[in-house]
Amino acid sequence: MLTDITLGQYFPGTSFLHRMDPRMKISLLFVWIVGIFVFDMPKAYGVFTAATVLLAIISRVPLLTLAKSIKPLWMILVFTLLIHMCGTPGEALFHISVFEFTKEGFMQGFVICLRLALLIFLSSLLTFTTSPLELTDAMESLLSPLKCIGVPAHELAMMMSIALRFVPTLIEETDKIMKAQQSRGVNFESGNVIKRLSSLVPILVPLFISAFRRADELAMAMEARCYRGGEGRTRMKELKVRALDYGACACTVVLMAALVVMKVEGI
Amino acid sequence: MKNLELREMILCALFVALVAAGAFIRIPVGSDVFTLQFMFTLLAGLLLGRRLGATAVFVYVLLGLIGVPVFASGGGPGYVLQPTFGYLLGFIVQAWFCGWYSRRLKEISMKSLLLVNVGGMAIVYLFGLSWFYVISNYVIDAPVSLWWVVLYCGILQVVPDFLLCTAAAGIAVKCKTAGVWVENKEIRNIYNVKEA
């Protein structure tokens, strides 16, 4: 029941998007997100939609998998669309009792939903093409200029890497504890809410104890190997910005410049 | 956060992992589904204290924001614009509050910790509801009234969340007796932990 959780949606591959530097991917994603919110002309949405579809095809992530990433927000999107359809005055499309659904409302709602959907697709393209460890490395590197004002970039990244490494271990351990308690007669599968929640106690207390113990063991193991923070530490895989990253960056700059011109000229 | 000791740092990291795992553990109860995320952030504050607890939850939120899908519905920088992101911000403050207040209690009991948790829950709601209201009205342009937000995202959630608070209080009391409890400015040597 608990062992089939995979953290991360990383989809291994060798596409253009997979080979890009994760730092560049995160920075460009930010630029795009800001772009989607700043340029609210219909044509700009056309451009962004086309670009997102193009990126999705380039990444070779199966489109069905990508489409699933919108599932959690499905309700919010439908709700937004409906609210706009009946809340905006204009030419009526159809009626349901007292609610009037208008064409203008539909267009407005559709644009806002499209904006949100693009945001989600772009962010999930990042997670589909970048492994979690690459992401934490990228974050460390992006935050390191802030070290001089006291942002502990290395510590943050180290905590994240350790957390990612331990999620499967802790889940496995939870499973083991549950089986151990079940063999001693604890019943997790039936009873009312209160009973079920109180059956969490014999799972979680041992889990926390073992988490504390693990933390201690790991700290000792790291100290024994002379770990002393990020100062002067080298890494096995250096992140490198390569020609293809500059290419992607240039494309984004050209796209954004074109959109700025379109916005100013009012095309 | 700068002066975290190595073992404090690792303890935080393990709690980040626990919170992340908690967002995926779903307990079906009737027609409702509980995720344990909220309970784990409560416990992070209670067991680790204000400094480590808030750090752990903060790192969890940051991990989700840079794109690792650890939140209940994915992750990524775009999550900031989702109406439910305010709850995650609330979790950070709540972990700090629970850690701070529980260390000031004269006597740690189920009742007193439950009160602390309910205070934490109020903080989470405050952040969650105001974020929901602002994002719905100004970002996705779906005008919802304040009352609607309070009813659907607040009042209807109170009962399950209160149950999680109770469970967290119960677990925290047990953990305290088992020695899994970080006092202020001191990290317990693990060999003193009694077997539960």
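One numbering rule holds for all chains: residues counted from 1, following each sequence as written. Key to labels: chains lettered from A, ligands numbered from 1, both in the order written. Only residues with pLDDT of 70 or above have their local features reported here, since the model is predicted, and side-chain atom pairs are shown and tallied only from 80 upward, although totals for entire chains, interfaces and linings are computed over all residues. To obtain the side-chain values, all non-hydrogen atoms of the structure were used and water was disregarded.

1. What about the overall build of chain B?
Thought 1: When its secondary structure is counted, chain B shows five helices and two strands.
Thought 2: In chain B, the succession of α and β elements from N to C terminus is α-β-β-α-α-α-α. Here a strand is any run of E in DSSP of at least two residues, a helix any run of H or I of at least four, and the numbering for each starts at the N terminus.

2. Quick look at the overall build of chain A
Thought 1: Looking only at helices and strands, chain A features eleven helices and two strands.
Thought 2: Taken from the N to the C terminus, the helices and strands of chain A come in the order α-α-α-α-α-β-β-α-α-α-α-α-α.
Thought 3: The buried label applies to any residue whose accessible area, calculated with a 1.4 Å probe on protein chains only, is under 20% of its type's maximum; exposed applies above 50%, and partly exposed to all values in between. A buried classification covers 45% of the 267 residues belonging to chain A.
Thought 4: Across chain A, every contact between residues at least 6 apart in sequence was considered, and the portion connecting residues at least 24 apart equals 69%.
Thought 5: Neither His nor the chain ends contribute to the count of charged residues, in which Lys and Arg are positive and Asp and Glu negative. Charged groups are reduced to one reference atom each: NZ for lysine, CZ for arginine, CG for aspartic acid, CD for glutamic acid. A distance of 5 Å separates the average location of the 26 positive side-chain charges in chain A from that of its 21 negative side-chain charges. Whether two residues are in contact is decided by their heavy atoms: any pair within 4.5 Å suffices.

3. Remarks on the side chain of Thr129(A)
Thought 1: Summarising the element assignment, Thr129(A) is placed in helix H6 (residues 103-129).
Thought 2: Not counting residues within four places of it along the chain, the set of residues in contact with Thr129(A) comprises Tyr10(A), Leu17(A), His18(A), Lys25(A), Ser59(A), Val61(A) and Glu134(A).

4. Topic: the confidence of the model for chain B
In regions of low pLDDT, the predicted coordinates are not meant to be interpreted in detail.
Residues and elements named next belong to chain B.
Thought 1: For chain B, mean pLDDT is 82; residues scoring 70 or higher make up 84% of the total.
Thought 2: Values of pLDDT, the confidence the predictor places in each residue, fall between 0 and 100. In the predicted structure, residues 186-196 sits below a pLDDT of 50 and forms 23 contacts with residues beyond four places in sequence or in another chain.
Thought 3: This complex was scored by the predictor with a pTM of 0.84 and an ipTM of 0.83.

5. As for the UniProt feature "transmembrane region" (unreviewed entry) in chain B
Residue and element names in this part refer to chain B.
Thought 1: UniProt positions are given in the numbering used here, feature names are shortened, and annotations may be inferred rather than shown by experiment. This chain's UniProt record puts "transmembrane region" (unreviewed entry) on residues 33-49, 56-72, 84-101, 113-134 and 146-173.
Thought 2: Secondary structure across residues 56-72 divides into 59% helix and 0% strand, with the first and last C-alpha atoms of the span separated by 17 Å.
Thought 3: A distance of 32 Å separates the end C-alpha atoms of residues 113-134, which is 100% helix and 0% strand.

6. Quick notes on the pattern of salt bridges
Thought 1: In the sections that follow, a salt bridge refers to a side-chain nitrogen of Lys or Arg positioned within 4 Å of a carboxyl oxygen of Asp or Glu. Within this structure, the stated rule accounts for seven salt bridges over all chains.
Thought 2: Salt bridges sharing partners connect three or more residues here, namely Asp137(A), Glu140(A) and Arg235(A).

7. Some thoughts on the domain arrangement of chain A
Thought 1: Start and end positions for the domains come from either an automated domain assignment or a database one. As far as domains go, chain A holds domain 1 (1-130 + 238-267) and domain 2 (153-233).
Thought 2: Summarising the inter-unit geometry, the C-alpha centres of domain 1 of chain A and domain 2 of chain A are found 36 Å apart.

8. Thoughts on the interface of chain B and chain A
Thought 1: Across the contact, 70 residues belong to chain B and 65 residues belong to chain A.
Thought 2: Each of two parts loses accessible area, computed with a 1.4 Å probe, when they are put together; buried area is these two losses added. Interface area, chain B with chain A, both sides summed: about 5800 Å², of which 85% is carbon and sulfur.
Thought 3: Remark: the boundary between chain B and chain A carries one salt bridge.
Thought 4: At the level of secondary structure, the elements contributing two or more residues to the side of chain B that touches chain A comprise helix H1 (6-22), strand S1 (26-29), helix H2 (37-65) and helix H5 (146-178) of chain B.
Thought 5: For the side of chain B that touches chain A, the per-class residue count stands at 57 nonpolar, eight polar and five charged. Residues are grouped as follows: nonpolar covers Ala, Val, Leu, Ile, Met, Phe, Trp, Tyr, Cys and Pro; charged covers Asp, Glu, Lys and Arg; every other residue, Gly included, is treated as polar.

9. Brief notes about the layout of surface pockets
Residues and elements named next belong to chain A.
Thought 1: In this model, the second largest pocket occupies a volume close to 980 Å³.
Thought 2: Site definitions follow a grid-based scheme: protein atoms alone, a 1 Å grid, a 1.4 Å probe that fits but cannot get out for cavities, and for pockets an open set with protein on both sides within 12 Å along at least five of seven lines, plus lining residues having an atom within 4 Å of a point. What lines the second largest pocket is a set of 31 residues, and nearest its centre among them are Leu133, Asp137, Glu140, Arg235 and Lys237.
Thought 3: Residue assignment for the lining of the second largest pocket shows that the elements contributing at least two residues are helix H1 (16-19), helix H2 (22-38), helix H7 (132-143) and helix H8 (153-183).
Thought 4: Broken down by element, the lining of the second largest pocket gets its largest block of residues, six residues, from H8.
Thought 5: Built from parts of two domains, the lining of the second largest pocket gets at least three residues from each of domain 1 (1-130 + 238-267) and domain 2 (153-233). Grid points are joined across faces, edges and corners, and a volume is the space filled by probe spheres set on the points.

10. Brief notes about the environment of Trp74(A)
Residue and element names in this part refer to chain A.
Thought 1: Within the secondary structure, Trp74 sits in helix H5 (residues 74-87).
Thought 2: Given a relative accessible area of 51%, Trp74 falls into the exposed group.
Thought 3: Expressed as a C-alpha distance, the spacing of Trp74 and Ser144, which sit 70 residues apart in the sequence, is 37 Å.

11. A look at a nonpolar patch on the surface
Thought 1: A contiguous nonpolar surface patch, about 560 Å² in accessible area, is contributed by Leu93(A), Phe94(A), Ile96(A), Phe106(A), Met107(A) and Phe110(A).
Thought 2: Here Phe110(A) shows up in helix H6. The patches reported here contain residues having more than 30% relative accessible area and no salt bridge. Joining distances are 9 Å for like charges and 5 Å for nonpolar side chains (Val, Leu, Ile, Met, Phe, Trp, Tyr). Areas reported here follow the Shrake-Rupley algorithm with a probe of radius 1.4 Å; residue values treat only the protein chains shown as occluding.

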